[in-house]
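Observations on the model geometry
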Amino acid sequence: MTPLLLSLTVGVLATVLALPFAIAGGWFLARRSFPGKVLVETFLMLPLVLPPVVTGWALLLVFGRRGFLGPVLEDAGLDIAFTTAAAVLAAAVMGFPLALRACRLAFEQVDPRLESVARTLGAGRLRAFLTVSLPLARGGVVAAAVLAFARSLGEFGATMVFAGNVEGETRTLPLQVWTLLQAPGGFEDAWRPAALSVALALALLAVGEWALRRPPA
Amino acid sequence: MTTLDVLARRQVSKEFLLDADFEIAFEDALPVAALFGPTGCGKSTTLAAVAGVPDPDRGRIAIGEEVLFDWNRNWSLPADRRRVGWVPQDGLLFPHLTVEANLRYGMRRRGAEEAPSFDRVVAVLEAGPLLARSPASLSGGERQRAALGRAILSGPRLLLLDEPVSALDEAARLRALAFLERVAGEFRIPALFVSHQRTEVLRLARTVVRMEGGRAVETGPAAEVLGHGPIHGSVDNLLRLEPPAGGPAPGRAAVSGREVAVAEGAVVAGPCWARLPSAAVLLARHAPTDLSARNALPGRVLAVAAAGPVVRVHVDAGQAVCADLTEAAVRDLGIAPGAEVVCVFKAQALEVLP
């Protein structure tokens, strides 16, 4: 795959992977309180502030061939590190805190009593959530998706460590820029992937702005 | 007869402990009861506990034989299976759905054959023109009506109404009260409502639980609990007026299809409301002749609130009408629930509201 196509594929898959967890986690943090909540929140926000290289190293520790889950994955015939799957996982982990935060803020804006009303009208927990809270938090969820996608397009450090720089498999646009910059005479060639990145970023900003300004139904 | 048995204890905040213990037996004819007390006495918390949103810390709540919550047995029926219609103070319609979708939201729970039908509820609550609108565009009274309809359509065995009319202005409040009365008469769903206003409670409720500082201090017939004796003062009946059958004419109108005379030659050109004080209504066993009062509406006695020298008689005359009589008159006329009576009142007593 070309770096552009790979960037887009990884971005979409990473967003699809991170969003359900961000929605569930955001709802939970907005609605429930429990002992140690602050600790959990801090831990979940960690990838946002850690150097991405450290996050990539942590992913290797868990999913690498000699990592914590390595034997389990090997038994299942899975080899994640240094594949496209690793690039997706790295991007998802890096985008997750942003998406979680956006979802949480969105759910905090929805009156929890609306869900209570739905429950008394005969809706189970899941139906109350899917028909009331989620549609009302829709704007925030769209924003979360845009943020996660945008973050994954810019992802470099964690991907580099966990997924490597394999042409056609993990070499996304940022890695392509970096690779070209490393090669003799590549400084001039880097303008193409760099320009593509700028174009993508502008398009995303426009989509994000549109999603935020859309009036709630 | 439905009974509601509540023992609810909940530490709402550091300062406020709810510790309510009461039992209500809803009368079949007019199954409306009220939790009455000042703001912040725990009425709404009690109501929410019955709905299970949330459960109290401990206690026991049962409707008839069915236990909804029992702390001792570690039992809590999930809120979606309690079959109670909870209407919070501001109605809380789902803002992303139309009024119609709101009304239909709870219908999936009940069986298809179960009354009341969607059309009937919409007709009684006059919600037809609201169906396509979004909740944000409704007035306070309209929102309240839609929320009430949504709760009724979910097939509840008990309605829980939190301050159903107090957020409304005077005119809207009278109107909403009339709707509540009509709903109670029409659908006969036991209803427990919360209020801090005597007049509302006297007008609607047969049984009252008086609450103070988180405790239920007194339970009994409305007149007894609120008046400690006779009923003080008249309540306002609110009647829906239509133009008379022959078209609008000065001083003429119709109530539930019966022609009536109204004060000061007012012209009723479209549906509107009129105020009729309960003290201005006489009851007769037969349609009177040779009487100066112009208006006579036949009806059936729903309930008799006997307390002291004044007795309030609730009549279903197509619309709910309260009449204040003396105890002796009630006895002599043989007025009891189910009796056929005629409500008689002067044209001057019926004040058309703008």
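Everything numeric in this text was worked out from a predicted model, so none of it was measured.

So, the pairing of strand β9 (residues 191-195) of chain B
All names here are of chain B.
- The buried fraction of β9 amounts to five of the five residues, a majority that puts the element mostly inside the structure.
- Side chains A191, F193 and S195 of β9 all project onto a buried face; the interleaved residues L192 and V194 project onto the opposite face, where all are buried too.
- As paired elements, strand β3 (residues 32-36) and β9 share five bridges and run parallel to each other. Residue pairing in the sheet places A34 in a bridge with F193 of β9.
- Pairing of strand β8 (residues 158-162) with β9 involves four bridges; the strand directions are parallel. Residue pairing for β9: L159 is matched across the bridge by A191.
- This β-α-β element, β8 to helix α5 (residues 170-187) to β9, shows right-handed connectivity.

With respect to the interface of chain B and chain A
- Of the residues lining the interface, 21 residues belong to chain B; the matching set on chain A comes to 19 residues.
- For the pair chain B and chain A, the summed buried area comes to about 1,800 Å², and 64% of that belongs to carbon and sulfur atoms.
- Ranking the residues of chain B by area buried against chain A places D80(B), H96(B) and Y105(B) at the top, with a combined share of 37%.
- For the pair chain B and chain A, the interface holds two salt bridges.
- For the salt bridge of D80(B) with R119(A), the shortest nitrogen-to-oxygen distance reads 2.6 Å.
- In this assembly, chain B and chain A are joined by four residue pairs in polar contact (both at pLDDT 80 or more).
- When its residues are assigned to classes, the side of chain B that touches chain A shows 13 nonpolar, three polar and five charged.

Digging into the environment of S154(B)
- Note on placement: S154(B) falls in the loop between α4 (140-153) and β8.
- Classification of S154(B) as buried rests on a relative accessible area of 0%.
- In this view, S154(B) contacts L121(A), G106(B), R109(B) and R110(B); residues no more than four positions away in its chain are not counted.
- At 2.8 Å, the side chain of S154(B) and the backbone oxygen of A151(B) are in polar contact.

Description of the packing of aromatic side chains
- In the structure shown here, the tally under the stated rule is seven aromatic pairs over all chains.
- Three or more aromatic residues joined by ring pairs form one cluster here, namely W27(A), F107(A) and F129(A).
- The aromatic ring of Y105(B) is capped on one face by R127(A), whose charged end is 4.4 Å from the ring centroid.
- Here the basic side chain of R58(B) rests over the ring of W71(B), its NZ or CZ set 4.1 Å away from the ring centre.

A short note on the nonpolar core
- In this structure, L160(B) and L192(B) are the most contacted members of the largest nonpolar core, which totals 81 residues.
- Ranked by residue count, the leading element in this core is helix α5 (residues 84-108) of chain A, at 15 residues.
- In this structure L160(B) touches L47(B), V50(B), A51(B), V84(B), G85(B), W86(B), V87(B) and L192(B), once residues within four positions along its chain are discounted.
- Of all hydrophobic cores here, the second largest spans 52 residues; its members include V32(B), V124(B), A151(B) and V201(B).

Some thoughts on the domain arrangement of chain B
All names here are of chain B.
- The assigned domain composition of chain B is domain 1 (3-225) and domain 2 (236-352).
- A straight line from the C-alpha centre of domain 1 to that of domain 2 covers 28 Å.
- In this complex, domain 1 contributes 15 residues to the contact, which on the side of domain 2 involves 15 residues.
- In this assembly, domain 1 packs against domain 2 so that about 1,400 Å² is buried in total across both faces, 58% of it on carbon and sulfur atoms.
- Three residues stand out in domain 1 for area buried against domain 2, namely L174, R203 and R206, and they jointly supply 31% of the buried area on that side.
- Our count for the domain 1 to domain 2 interface comes out at one salt bridge.

Looking at the sheet that holds β9(B)
Residues and elements named next belong to chain B.
- In space, the six strands of this open sheet follow the order β7-β8-β9-β3-β10-β11, with mixed pairing throughout. If you trace the sheet from one side to the other, it starts and ends with β7 (84-87) and β11 (215-221), each paired once. Between one strand axis and the next, the sheet turns by 15° as a mean value, whatever way the strands run.
- Pairing of β7 with β8, which is carried by four bridges, proceeds in the parallel orientation. In the sheet register, W86 faces β8, and the bridge partner there is L160.
- Sitting on the sheet, α4 is in contact with β7 and β8, with an inclination near 165° to β7.

Here's the deal with helix α12 (residues 191-213) of chain A
- An ideal rise of 1.5 Å per residue puts 33 Å on 23 residues; α12(A) measures up with 33 Å between its terminal C-alpha atoms.
- Buried residues along α12(A) sit in contact with α1 (3-31), α8 (138-154), α10 (173-182) and α11 (186-189) of chain A.

Regarding the sheet that holds strand β21 (residues 351-352) of chain B
All names here are of chain B.
- Spatially, the three strands line up as an open sheet ordered β12-β15-β21, and their pairing is antiparallel. If you trace the sheet from one side to the other, it starts and ends with β12 (236-241) and β21, each paired once.
- Sheet analysis places strand β15 (residues 272-277) next to β21, joined by two bridges and oriented antiparallel. The partner of A274 across the bridge, within β21, is V352.
- Sitting on the sheet, α5 is in contact with β12 and β15, with an inclination near 85° to β15.

A closer look at the layout of surface pockets
- Within this model, the largest pocket holds a volume of roughly 650 Å³.
- The wall of the largest pocket is formed by 27 residues, among which P112(A), S116(A), G52(B), V53(B) and P54(B) lie closest to the centre.
- For the lining of the largest pocket, the secondary structure elements donating two or more residues are α1, α6 (112-120) and α7 (125-136) of chain A together with α1 (43-51) of chain B.
- No other element matches the five residues that α6(A) contributes to the lining of the largest pocket.
- Of the volumes computed, that of the second largest pocket is approximately 540 Å³.
- Breaking the lining of the second largest pocket down by element, the ones donating at least two residues are α1, α2 (37-49), α3 (52-63) and α5 of chain A.
- With six residues, the top contributor of residues to the lining of the second largest pocket is α3(A).
- Class assignment of the residues belonging to the lining of the second largest pocket gives a composition of 17 nonpolar, one polar and no charged.

What counts as what
Residues numbered from 1 in each chain as written. Chains lettered and ligands numbered in written order. Predicted model: local features only at pLDDT ≥ 70, side-chain atom pairs only at ≥ 80, totals over all residues. Heavy atoms only, no water. Buried < 20%, exposed > 50% of the residue type's maximum accessible area, 1.4 Å probe, protein only. Helix = DSSP H or I, 4+ residues; strand = E, 2+ residues; numbered from the N terminus. Pairing = 2+ DSSP bridges. Right-handed = clockwise from strand over helix to strand, strands pointing away. Contact = heavy atoms within 4.5 Å. Buried area = accessible area lost by both parts, 1.4 Å probe. Salt bridge = Lys/Arg side-chain N within 4 Å of Asp/Glu carboxyl O. Polar contact = N/O pair within 3.5 Å; in protein donor to acceptor, adjacent residues only side chain to side chain. Nonpolar A, V, L, I, M, F, W, Y, C, P; charged D, E, K, R; others polar. Phe/Tyr/Trp six-rings, centres within 6.5 Å; stacked < 30°, edge-to-face > 60°. Lys NZ or Arg CZ within 6 Å of the ring centre and 35° of its normal. Core = buried A, V, L, I, M, F, W, Y, C linked by side-chain atoms within 4.5 Å. Domains from an automatic or database assignment. Axes fitted to C-alpha atoms, helices over the stretch in contact; angles between N-to-C directions. Expected span 1.5 Å × (residues − 1). 1 Å grid on protein atoms, 1.4 Å probe; cavity = no way out; pocket = protein on both sides within 12 Å on 5 of 7 lines; lining within 4 Å. Points joined across faces, edges and corners; volume = space filled by probe spheres on them.

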